[in-house]
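Here are the chains, one letter per residue:
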Amino acid sequence: MSPDMADLSLLELFALELATHRETIEQGLVRLESGPDAGLYESLMRAAHSIKGAARIVSLDQAVGLAHAMEDLFEAAREGKLAITPERVDALLAANDFYARLCAAPPAELPGLLDSAAREAVELENGLRASMAPDGSGTGAAQAQQAVEAHRQAASTPGVGEPHSLAAGTSPPIQSPSPAGSVGVTASPGAPPPAGPAHPPAAAVPETDEAVVRLSAETLGRFMGLAGQCVVETSALGRIFSRLRDSRRDFLDLAGTLSSLRATLADAEAKGRTESALVILKRLMEEHGHATRSLDALVRRMELTAGRLYGQALGTRMRPFGEGVKHLPRFVRDLARELGKNARLEIHGAKCRVDRDIMERLEAPLTHLVRNALDHGVESPDERLAAGKPAQGVIVLKARHVSGMLEVRLADDGRGVDTARLRAAVVQKGLAEPDMAGRLSDKELHEFLFLPGFSTSPGLTRVSGRGVGLDVVKTMLQEVGGEARVKSTPGQGMAFILRLPVSRSVIRALVFAVGGEPYALPLASVERVAAVPVAEVQSVEGHQYAVLDGVNVGLAAASRILDVTPGPCPPEEICVVALMGEAGRFGLAVESFLGERDLVVKPLDPRLGKAPCVAAASILEDGSPVLILDAPDLALSIERLLAGGRLGRVGGGKAREGRGPRKVLVADDSLTVREVERQLLSGRGYDVTCAVDGMEALALARSGEFDLIVTDVDMPRMTGIELTRAIKADPALAATPVMIVSYKDRPEDRLAGLNAGADHYLAKSGFSDKALIDAAIDLIGEP
Amino acid sequence: MNDDTLAAKVLFDREPAPDVLAEWTGQTAAPPPEPGTGLARVFLVRAGEEWVGLPAAMVDSALPLGPIHSVPFLSSPVFLGLANVEGELLPCVSLAALLGVEPGGQEGTPRLLAVSTVEGRFALTVCEAAGVREYDPAAATAAPDTVARAPRPVVRAVAEVEGRGAGIADPALLGAALARSLRP
């Protein structure tokens, strides 16, 4: 069958098979260097043989030749005819990387790609065959090196012209979710796992021997949504069922009533009728009892099953730790060779389950830590032998669940942190005074390692010394809410211990109402929660605050920050959520508390873009949507409002129902201005009363209950300033907001107004209809 | 039998001409027109006082109206917020507001429609959902120029569906309009 007519589906199958076998070969090759193992050769040979056969079927001859060479090399090594030297392993890895690049390309383009890369394939093959020449022959090793160099060059120069050339990055591809959003790894229905190693006893390479399937992220999302809805509906069913079960009591009451009715009746016929009514009722009750009992069991089973379904759906987010780090052993091998050191990586806890999101974030920091360990920690083989350690350094990567968190530990048995050098570097960079540095404990010194730009290396190598690396770890941990610790024994080794939340997809949150709708904040961001009686809210410079645990916490209305219409709230108290932000503490005033919940975090629809103050969304147990707020964003918004003087007041206090529109008192001696303001405000829906000067305004304010007083400054008999002072001095009126509207716009005028106690100063020069209305709404809300 | 009757009898009993015979044979032999082909299916809904036909392929399901959570700073009369559709939160748009229809007609139960477009899935609120109906696209008339030349029309044609004049929405235009409504 020619490549042109080869079925596309066959090529796809080939690509999948190639990916599986290629991975087996790579992992096996890395283990091979730790020590030969007959079983390992078998599996390597099998893998190469399978690739050869599969490539032959889809007529990709170049791949056939290469696989054949690999197979022959493995066979010769197994029969003891060849030793596995690093150069040979290099050549084999080069060939394997070639296959890796093939896997990365779309299956349909494989024949074309192989044609254009034919020369490279032939060179690799020749390199392999040449390296099979008996040891000691210089040409064999040289040719192998040439092939490896050719491979490296081809890998680093981008392909010319073709959209999908074989050139990819120099690092081997990592099996992570592709941009198209597909989840999962290749299907391996029949590929046997690599044979168990003879040593070391702990698994040196992660074994993922479960069958896996490919699933698009969208399908998985729908599946999870439906599973969640199942839980919502069954709990609704449960509630209805409880009401049904309670109706049994009513039946008993009815039976009792009928019995007593029967007793009071004298007429035989009536008695007989009541008797039959009782009989029917008894039958009804029996049936009801039956139905209730079976329903009871069914509802309980349904709730259990729905819960398990949902739990499993959530669990699909978790991947085995081993999957995310399986590229590291190869990385360690290559880097060690480059640095002229000898080291191997051991992975423990590969089956430990980690949230996909967390796993992605761990990849870069772990790579940095490993690089660090190799570069700075592990000594050269000579140094190690001199120190009495085995020539090969061991780097151990271990993952486990500890008290609900994920603990990842990377330890090397190298030289550890030289505290003296660290201290010197700290002083030299001017980060601390010499005597201060002398008093720092080891733990405090270790913190410096995580600073950006910090490095103790005397010079730059290709790999490190730039001081970039460890701060990446710290930043990532801060983002997910984790922490890092360093343990070091000079001369014996160093360990980094990272603690992270297992999953960020389920959070414990506080749910409350703003604008009549439910919102949530992660409990981790909430410092304290309190219901503050209105009487205890005080104010300083016009800003309201409450005293919580002896600390004055400034208050800001959540409805104001989110720009939503405030909903009903209890008149006597203000519900406050105390949050700690970068700029300090603040109290978010909400309408009511709805409780604490475990919420499954659903990212906000990407089509909405970034919604201010909103981090994500979720669904409550009754199926209604809830928005999860972002505490730092809220803090920023509050700062912005403060800067603009638009924070407004908290707590409407009076109940809104049946009160009619808000009443506004307008005081101005100019008829025109009075009329304009009156029309604007009443057009908006407020109930407006006018006064011609300060005295009349004060009298009216005292007699009528106004929600807002708008006043001019220059008026006869009593100026606006005096009026404001009088209002604020009167205990009955002090709570009423006062807005000054004046032509005088100099800072001293403004200051005078605000000093007198005005809540807002609007300059007539900047007067626009909208400004007046907005200010009124700010102060007292909608009419 | 008089002359007229004889003449009538002769007239009625004469053999048909060969061409007439051929014509009628052809007509009888022709296959009957298939009912139902050439008809397009739409999901008929009422938005405000107008009836609109949404291409049936777009509509996934019709659900009872549930709570819609507004999104701070992004919600508007058109983009109402997020609604729970089978466990997923979809952006919810009021069809009446999107089309700029006058609100009217109080009867009927409002519903939530889950639709799929090229730009993703959306939830639409409608005043009434009548269900899937068929209409003959050949009999549909083009939308009036005032609509067709408006900056962003959604309806391409007007057809008689179930006795009512309904605007037939174009899926591509509707999808684009929905996507636009999400960004203020």
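Here the structure is shown first, and the text comes after it.
Residues numbered from 1 in each chain as written. Chains lettered and ligands numbered in written order. Predicted model: local features only at pLDDT ≥ 70, side-chain atom pairs only at ≥ 80, totals over all residues. Heavy atoms only, no water.

### Here's the deal with the overall build of chain A
Okay, so step 1: The secondary structure content of chain A amounts to 24 helices and 25 strands.
Okay, so step 2: Looking at chain A as a whole, 44% of its 783 residues are labelled buried.
Okay, so step 3: Put simply, of all contacts in chain A between residues at least 6 apart along the chain, 68% involve residues at least 24 apart.
Okay, so step 4: For chain A, the exposed area adds up to about 38,200 Å²; of that, 56% sits on carbon and sulfur atoms. (Helix = DSSP H or I, 4+ residues; strand = E, 2+ residues; numbered from the N terminus. Buried < 20%, exposed > 50% of the residue type's maximum accessible area, 1.4 Å probe, protein only. Contact = heavy atoms within 4.5 Å. Areas by Shrake-Rupley, 256 points an atom, 1.4 Å probe, with all protein chains shown as cover.)

### Some thoughts on the sheet that holds strand β9 (residues 128-135) of chain B
Residue and element names in this part refer to chain B.
Okay, so step 1: Taken in spatial order, the six strands of this open sheet run β9-β1-β2-β12-β11-β10, and their pairing is mixed. Both edges of this open sheet fall to β9 and β10 (141-142), since each of them pairs with a single strand only.
Okay, so step 2: Pairing between β10 and strand β11 (residues 155-161): two bridges, direction antiparallel. The partner of Ala 142 across the bridge, within β11, is Ala 157. (Pairing = 2+ DSSP bridges.)

### A short note on helix α24 (residues 769-780) of chain A
Residue and element names in this part refer to chain A.
Okay, so step 1: Spanning twelve residues, α24 covers 17 Å between terminal C-alpha atoms, matching the ideal 16 Å at 1.5 Å per step.
Okay, so step 2: Turning to α24, its buried residues are Leu 772, Ile 773, Ala 775, Ala 776, Leu 779 and Ile 780. Projected down its long axis, α24 shows its buried positions confined to an angular sector of 160 degrees, all on one face.
Okay, so step 3: Against the buried residues of α24 lie β21 (663-667), α20 (671-684), β23 (708-711), β24 (738-742) and β25 (760-763).
Okay, so step 4: Once α24 ends, the next one or two residues include Gly 781, with phi positive near 90 degrees. (Expected span 1.5 Å × (residues − 1). Arc of directions from axis to C-beta.)

### Concerning the pattern of salt bridges
Residue and element names in this part refer to chain A.
Okay, so step 1: According to the stated counting rule, one finds 50 salt bridges over all chains in the structure shown.
Okay, so step 2: Between Lys 389 and Glu 379 there is a salt bridge, and its shortest N-O distance comes to 2.8 Å. Residue Lys 389 is located in the loop between α13 (381-386) and β6 (393-402), and its partner Glu 379 is located in the loop between α12 (356-377) and α13; the two are separated by ten residues in the primary sequence. The same class applies to Lys 389 and to Glu 379, which are both buried.
Okay, so step 3: For Arg 508, the salt bridge goes to Asp 598, with nearest N and O atoms at 3.3 Å. Of the two residues, Arg 508 sits in strand β10 (residues 506-514) while Asp 598 sits in strand β18 (residues 592-600), which places them 90 residues apart along the sequence.
Okay, so step 4: Here Arg 508 falls in the partly exposed class, since its relative accessible area comes to 39%.
Okay, so step 5: Asp 598 sits in the exposed class, given a relative accessible area of 53%. (Salt bridge = Lys/Arg side-chain N within 4 Å of Asp/Glu carboxyl O.)

### Description of helix α3 (residues 61-78) of chain A
Okay, so step 1: Look at α3(A): 26 Å from first C-alpha to last across 18 residues, which is about the 26 Å you get at 1.5 Å a residue.
Okay, so step 2: Where α3(A) terminates, the next one or two residues include A:Gly80, which has phi positive at roughly 80 degrees.

### Remarks on the interface of chain B and chain A
Okay, so step 1: At the junction of the two partners, chain B supplies 23 residues and chain A supplies 29 residues.
Okay, so step 2: There are one salt bridge connecting chain B and chain A.
Okay, so step 3: Between A:Arg222 and B:Glu88 there is a salt bridge whose closest N-O contact spans 3.5 Å.
Okay, so step 4: Between chain B and chain A we count eight residue pairs in polar contact (both at pLDDT 80 or more) in total.
Okay, so step 5: If you list the elements that add at least two residues to the side of chain B that touches chain A, you get β4 (68-69), β5 (79-85), β6 (88-94) and β8 (120-126) of chain B.
Okay, so step 6: The element that contributes the greatest number of residues to the side of chain B that touches chain A is β5(B), accounting for four residues.
Okay, so step 7: Broken down by class, the residue content of the side of chain B that touches chain A amounts to 13 nonpolar, five polar and five charged. (Polar contact = N/O pair within 3.5 Å; in protein donor to acceptor, adjacent residues only side chain to side chain. Nonpolar A, V, L, I, M, F, W, Y, C, P; charged D, E, K, R; others polar.)

### Some words on the side chain of A:Asp749
All names here are of chain A.
Okay, so step 1: By secondary structure assignment, the location of Asp 749 is in helix α23 (residues 747-756).
Okay, so step 2: Given the relative accessible area of 11%, Asp 749 is considered buried.
Okay, so step 3: With sequence-adjacent residues up to four places away left out, Asp 749 is seen in contact with Lys 744 and Tyr 761.

### Examining the packing of helix α4 (residues 86-104) of chain A against helix α6 (residues 118-131) of chain A
Residue and element names in this part refer to chain A.
Okay, so step 1: Two numbers describe how α4 lies on α6: the axes approach to 9 Å, and their chain directions differ by 155 degrees. Compared by their axis directions, α4 and α6 come out roughly antiparallel. With respect to the hand of their crossing, α4 and α6 are arranged in left-handed fashion. The residues of α6 that touch α4, namely those facing Arg 88, Ala 91, Leu 92, Ala 94, Ala 95, Phe 98 and Arg 101, are Glu 120, Ala 121, Leu 124, Leu 128 and Ser 131.
Okay, so step 2: Across the contact of α4 with α6, the residue classes break down as eight nonpolar, one polar and three charged. (Axes fitted to C-alpha atoms, helices over the stretch in contact; angles between N-to-C directions. Parallel < 35°, antiparallel > 145°, perpendicular 65-115°, else oblique. Left-handed = near helix turned anticlockwise from the far one by under 90°.)

### A word on the packing of aromatic side chains
Okay, so step 1: Taken as a whole, this structure holds one aromatic pair over all chains when the rule is applied.
Okay, so step 2: With a centroid separation of 6.4 Å and an interplanar angle of 55 degrees, the aromatic rings of A:Phe98 and A:Tyr99 are classed as tilted.
Okay, so step 3: One Lys or Arg, A:Lys663, reaches over the ring of A:Phe706 and ends 5.7 Å from the middle of that ring.
Okay, so step 4: In this structure, B:Arg164 is placed above the aromatic ring of B:Trp51, and the distance from its NZ or CZ to the ring centre is 3.9 Å. (Phe/Tyr/Trp six-rings, centres within 6.5 Å; stacked < 30°, edge-to-face > 60°. Lys NZ or Arg CZ within 6 Å of the ring centre and 35° of its normal.)

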